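Residue-level listing of the chains:
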Amino acid sequence: PDKRQMVCPSVALTADRFVMKSDSNIYTTSTIKINARTMTFNNSILTSNSTFLRENEHCEGIQVVNSGFFVKRKLVMKCQDGTVNVTGNTILQAAFNVSLRAKFVSFPDFYVKLMGRRINLSAEQLHLRASITGTPDLVA
């Protein structure tokens, strides 16, 4: 009633704009794949084996605010021509690999936690103040 929740074997969503907010959750033991031009996650939790957030032809941006992504294997956020902006009290955690690729990547808050065995950040411009746990590979 108060929380919107999706529990299923795997999730594959394609949209022009994708928005998750207000204590929304997606939980799966398999894979989450979201393809969209813009993606917004606000007070949301994604839990999966692998999560892929990718552009749908042209990506303008991925915005993550006060959210948690808890992934057992691989977390990929790709927005080749746009911006990945992660703010607030946010945790991006993957047991193996966190990979972010965008034109601009911004982690402006000290409250953001980026956790993974291997962390790959690739961007033309990188603004990073987040707490990083793992082996970073930064390309800017």
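Up top is the structure.
The rules we used
The residue numbering used here restarts from 1 in each chain and proceeds along that chain's sequence as written. Selection of residues for local features in this predicted model requires a pLDDT of at least 70, selection of side-chain atom pairs for listing and counting requires 80 or more, and totals for whole chains, interfaces and linings are taken over all residues. As a rule here, side-chain values cover all heavy atoms of the structure and leave hydrogens and water aside. Secondary structure follows DSSP: runs of H or I at least 4 residues long count as helices, runs of E at least 2 residues long count as strands, and numbering of each begins at the N terminus. For every residue, the accessible area obtained with a 1.4 Å probe (protein chains only) is divided by the maximum for its type, and the residue is called buried under 20%, exposed over 50%, and partly exposed between those limits. Working rule for contacts: check all heavy atoms of both residues, and any pair within 4.5 Å makes them a contact. Where accessible areas are quoted, they stem from the Shrake-Rupley method and a 1.4 Å probe; at the residue level, only the protein chains shown are allowed to cover. Positive residues here are Lys and Arg, negative ones are Asp and Glu, while His and the chain termini are left out of the count. To locate a charge, the coordinates of NZ of Lys, CZ of Arg, CG of Asp or CD of Glu are taken. A side-chain nitrogen of Lys or Arg and a carboxyl oxygen of Asp or Glu constitute a salt bridge if their distance falls within 4 Å. When DSSP finds at least two bridges between two strands, those strands are taken to pair.

Draft legend 1. Inspection of the overall build of the chain at higher detail. A count of helical and extended segments in the chain gives zero helices and twelve strands. Its helices and strands in sequence order give the chain the pattern β-β-β-β-β-β-β-β-β-β-β-β, from N to C terminus. With respect to the three principal axes, the spread of C-alpha positions in the chain is 40 × 30 × 25 Å. A burial count over the chain gives 42% of its 140 residues as buried. Considering only contacts within the chain whose residues lie at least 6 apart along the sequence, 13% involve residues at least 24 apart. Put simply, the chain shows about 7300 Å² of open surface, and 47% of that area lies on carbon and sulfur atoms. Taken as two groups, the 17 positive and 10 negative side-chain charges of the chain have centres that lie 8 Å from each other.

Draft legend 2. Just the pattern of salt bridges, in detail. For the structure shown, the criterion picks out three salt bridges. A salt bridge links Arg 37 to Asp 16; the nearest nitrogen and oxygen atoms lie 2.7 Å apart. Taken together, the positions of Arg 37 in strand β4 (residues 31-42) and Asp 16 in strand β2 (residues 11-20) put the pair 21 residues apart, joining distant regions of the chain. Its relative accessible area of 44% is what places Asp 16 among the partly exposed residues. Across the pair Asp 137 and Arg 118 runs a salt bridge whose closest N-O atoms are separated by 3.7 Å. With a gap of 19 residues between them, Asp 137 in strand β12 (residues 131-139) and Arg 118 in strand β10 (residues 113-122) connect regions that are remote in the sequence. Taking relative accessible area as the criterion, Arg 118 reaches 38% and is therefore assigned partly exposed.

Draft legend 3. Molecular detail of the pairing of strand β5 (residues 44-55). Sheet topology places strand β3 (residues 24-27) next to β5; four bridges connect them, and they run parallel. Opposite Ser 24, over in β5, you have Ser 44 as the bridge partner. In terms of strand pairing, β4 meets β5 through six bridges, oriented parallel. Counted as the bridge partner of Ala 36 is Glu 55 from β5.

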